[in-house]
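Analysis of the macromolecular model
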Amino acid sequence: MAGFKKSAKNLRSKQRPKESQTEEIISKALTAYQEGDLQKAKKLAKNGLRLDQENSFLLGILATIEKALGNHKRASQLFEVSINISQEHPDILHNYSGLLQEKDLQKAINLSKKAIAMKPNNSNYLERIGHLLWKAGELENALEATTKAIALKANNPNSYLNLGNIHKDIGNLDQALSSTLKSLELKPDNPEAHMNLGSIYQELGNLDHALASTLKSLELKPDNSGAHMNLGAIYQDKGNLDKALSSTLKSLELKPDSSEAHINLGAIYQDLGNVDKAIEIYKISIQIRSDCPETNKNLSMAELLKGDYKNGWLRYEYRFCCKKDNGILSAAPSCEMWSGEALSKGEQLLLVSEQGLGDTLQFMRYVTVLRNQGIPTSICAQPKLHDLIKISGIDTDPLTPQQANKLTQGKWLPLLSIPKHLEVSPENPIATEPYIKTSDELILKWAELLSSEKRPIIGINWQGNPDHEKTSSMGRSIPLTSFSTIARETNSTLLSLQKGYGSEQLDTCSFKDHFVNCQEEVSETWDFLSTAAIISNCDLIITSDTSIAHLAGGMGKNTWLLLKKVPEWRWGLEGDTTFWYPSMRLFRQSKHGDWDKVLERVAKAIKFHF
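Calculation rules
Residues numbered from 1 in each chain as written. Predicted model: local features only at pLDDT ≥ 70, side-chain atom pairs only at ≥ 80, totals over all residues. Heavy atoms only, no water. Buried < 20%, exposed > 50% of the residue type's maximum accessible area, 1.4 Å probe, protein only. Helix = DSSP H or I, 4+ residues; strand = E, 2+ residues; numbered from the N terminus. Pairing = 2+ DSSP bridges. Core = buried A, V, L, I, M, F, W, Y, C linked by side-chain atoms within 4.5 Å. Contact = heavy atoms within 4.5 Å. Phe/Tyr/Trp six-rings, centres within 6.5 Å; stacked < 30°, edge-to-face > 60°. Lys NZ or Arg CZ within 6 Å of the ring centre and 35° of its normal. Axes fitted to C-alpha atoms, helices over the stretch in contact; angles between N-to-C directions. Domains from an automatic or database assignment. Polar contact = N/O pair within 3.5 Å; in protein donor to acceptor, adjacent residues only side chain to side chain. Parallel < 35°, antiparallel > 145°, perpendicular 65-115°, else oblique. Left-handed = near helix turned anticlockwise from the far one by under 90°. Salt bridge = Lys/Arg side-chain N within 4 Å of Asp/Glu carboxyl O.

1. Regarding the pairing of strand S4 (residues 411–414)
Neither face of S4 is exposed, since Lys411 and Leu413 on one face and Trp412 and Pro414 on the opposite face are all buried. Two elements, strand S1 (residues 336–337) and S4, share 2 bridges in a ladder whose sense is parallel. Among the inter-strand pairings, Met337 is bridged to a residue of S4, identified as Trp412. Note that strand S2 (residues 349–352) and S4 share 4 bridges and pair parallel. What sits directly across from Leu350, in S4, is Trp412.

2. A short note on unusual backbone geometry
In this structure, Glu423 takes a positive phi of about 60° despite not being glycine. One can find Glu423 in the loop between helix H24 (418–422) and helix H25 (440–449). The backbone of Ile430 shows a phi angle near 70°, a positive value even though the residue is not glycine. Mapped onto the elements of the fold, Ile430 is located in the loop between H24 and H25. By relative accessible area, which is 37% here, Ile430 ends up partly exposed.

3. A word on the nonpolar core
In this structure, Trp313, Tyr366, Leu495, Leu551, Trp569 and Trp580 are the most contacted members of the largest nonpolar core, which totals 97 residues. Ignoring any residue separated from it by four or fewer positions in sequence, one finds Leu495 in contact with Leu450, Ile457, Ile458, Gly459, Ile460, Phe515, Val516, Gln519, Val522, Ile534 and Cys538. If you look at the next biggest cluster of nonpolar residues, it comprises 45 residues, including Ala32, Ala41, Leu78 and Ile109.

4. Observations regarding the packing of aromatic side chains
Across all of its chains, the model carries 13 aromatic pairs by this definition. Residues Phe363 and Trp580 carry aromatic rings whose centres are separated by 5.5 Å and whose planes lie at 75° to one another, so their mutual orientation is edge-to-face. Note that Phe363 is positioned in helix H20 (residues 357–363) and Trp580 in the loop between strand S8 (559–563) and strand S9 (584–588), a separation of 217 residues in sequence. Judged by its relative accessible area of 0%, Phe363 is buried. By way of ring pairs, the aromatic residues Tyr309, Trp313, Tyr316, Phe363, Tyr366, Trp569, Phe579 and Trp580 are connected into one cluster. Geometry around Tyr160 places Lys182 over its ring, the cationic atom sitting 6.0 Å from the centre.

5. Concerning the sheet that holds strand S5 (residues 457–461)
Strand order in this open sheet of 5 strands is S6-S5-S7-S8-S9, and the pairing throughout is parallel. Of all strands in the sheet, those with a lone pairing partner are strand S6 (493–496) and S9, marking the two edges. Between one strand axis and the next, the sheet turns through 25° on average, direction left out of account. Here S5 runs beside S6; their pairing, made up of 4 bridges, is parallel. Considered in S6, the bridge of Ile460 is made with Ser496. Its contacts with the sheet place helix H30 (residues 595–609) against S5, strand S7 (540–543), S8 and S9, and it is angled at close to 165° to S8.

6. Topic: the sheet that holds S2
Strand order in this open sheet of 4 strands is S1-S4-S2-S3, and the pairing throughout is parallel. For this open sheet the edge positions go to S1 and strand S3 (377–380), each flanked by a neighbour on one side alone. As defined by bridge partners, S2 adjoins S3 across 4 bridges and the pair is classed as parallel. Within S3, the residue paired with Val352 across the bridge is Cys380. Along the sheet face, helix H21 (residues 365–372) touches S2 and S3 and points at about 160° away from the line of S3.

7. Thoughts on the domain arrangement of the chain
In terms of domain boundaries, the chain breaks down into domain 1 (17–81), domain 2 (87–188), domain 3 (265–321), domain 4 (336–422) and domain 5 (440–607). Computed from C-alpha coordinates alone, the two centres of domain 1 and domain 3 are separated by 48 Å.

8. Re the side chain of His262
Following the sequence through the fold, His262 ends up in helix H16 (residues 259–271). Look at His262 and you get buried, because its relative accessible area is 8%. In this structure the side chain of His262 is engaged in a polar contact, spanning 2.8 Å, whose partner is the backbone oxygen of Ser258. Sequence-distant contacts of His262, defined by excluding residues within four places in its chain, comprise Leu252, Pro256, Ile281, Ile284, Ser285 and Ile288.

9. Points about the packing of helix H12 (residues 191–204) against helix H13 (residues 207–220)
The geometry of H12 relative to H13 is characterised by a closest axis approach of 7 Å and an angle of 165° between their N-to-C directions. Comparing their axes, H13 and H12 come out roughly antiparallel. Of the two possible hands of crossing, H12 and H13 adopt the one that is left-handed. Judged by residue contacts, Pro191, His194, Met195, Leu197, Gly198, Tyr201 and Gln202 of H12 engage Leu207, His209, Ala210, Ser213, Thr214, Lys216, Ser217 and Leu220 from H13.

10. Some details on the pattern of salt bridges
Charged atoms that come close allow side chains of opposite charge to pair. All chains considered together, the criterion is met by 19 salt bridges. The closest approach of N and O atoms between Glu303 and Arg315, which form a salt bridge, is 3.2 Å. Taken together, the positions of Glu303 in helix H18 (residues 293–306) and Arg315 in helix H19 (residues 309–316) put the pair 12 residues apart, joining distant regions of the chain. The partly exposed category is assigned to Arg315, whose relative accessible area is 24%. What you see here is one network of salt bridges that share partners, running through Glu317, Arg319 and Glu354.

Listed below in structure tokens is the structure:
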């Protein structure tokens, strides 16, 4: 409950006579308010206004009481009257800012700043402005204000709660965790703090702790729509989609106009394979908040997954407005962004890579397409792909992100925005011929190293980067043990293309003797040019949805891609072929998480293939 200090300055009515009587009523009203007797406080405030109807402080007190009673519309009207008469009372400005934070955040910030200008060392005011600035996304300013609030009042649990929120959004999850735990140490029964703690644990990947904290929040406050929504997201991450669905529906029952809960609901339906329902839910979310970038991005990926490339590409541009997608571009040149217009003489178009290595490998083909259309085009890409880009004839001099950031001339565009410009779709694939090459010398080197193998060589890759498997990529990786069916039932030799994450599974693999003799040398080879040469010497590539799929597919190699039940947007929902790579065959899960059945089908297909 917001409070007032009964200072002489506050109690003095400067606008009207009968000062002493009005001040006495104000004092009694404040006492009743602070004792929690809101009806008595309201009655006294009204009596005072009969004596002095333009007393801005008394109007503010009544507004604060109405706010505490839940009469927010009336409170807002009274606050407006109060501040139109005078803005000399910082407590009134502070209390009104709290009411406004949901419907007019900028006005709330302005009022809060005025209050702080009058009382710069008021810890409650600083706590409030820190919270408001956090909501506005002004994280550095929010951090400064909240840190100062804690320095002035070290035992305020709300300040530590705010600090946890700020650090979480900055990406300092360890500091977010410690701040939220400190808040709970000061106030153990705060349901919001338990809810926030669960959200932090979820981002840290500790889903069991996340679940326990969120359930504790709901034990303390069963009707908290946000906690039910978070619970649904945790169950979704744990793979329990039925519980995720029921929790999210409960959240919407409590708060039907929540855009965020609708986003989560759409994502759950999409994971369940009901993409039409997901699209329907995303569109409802857009009706609630049309400018929400997360909803529009999610809708775009659902549309692309369904094959609606026209609308999907248009909405996909929202990806750059999403909080979680900050930093997906490898560079941000200072020159103008290209919108499809003819370039001036001497100008060049730079395509800037974004997201993962697989995305660059898939879409760098369009550098050549644009150049063939008479548009001078180059690429900024991850340095580890540069040799491959040069040998493939895509760009003789690709830029590093550091070089691209210094660019001031010409035009640029994010790499994955080019398909929208070219109107790429299954009906209009634009570029389907192999476009990735390696050197003849490396191909010959690995041909010699692998020459002792007498059976067909199958290159396999099973694990993606876990850091990328927290959203739509979750569930794409396959345990190496699932490949035992191929080792056991086919007349082939395996070659591990796995690098980094997941490669440790090879050390304890029960069928390690089924791998090529030079596997150790293969495992120590990390550069993409050599990896492409190794792939060139394989008879078949079988891979999960990682960069290896795009590398092999772009080379035109026979590639079998193993997909989870609801894959990433680029692979669609049906069929065993893809317009992206004519040499690729798709093997899809028929049931969530069931890789064994997929590998059984693959083993049978291998027998026919060789």
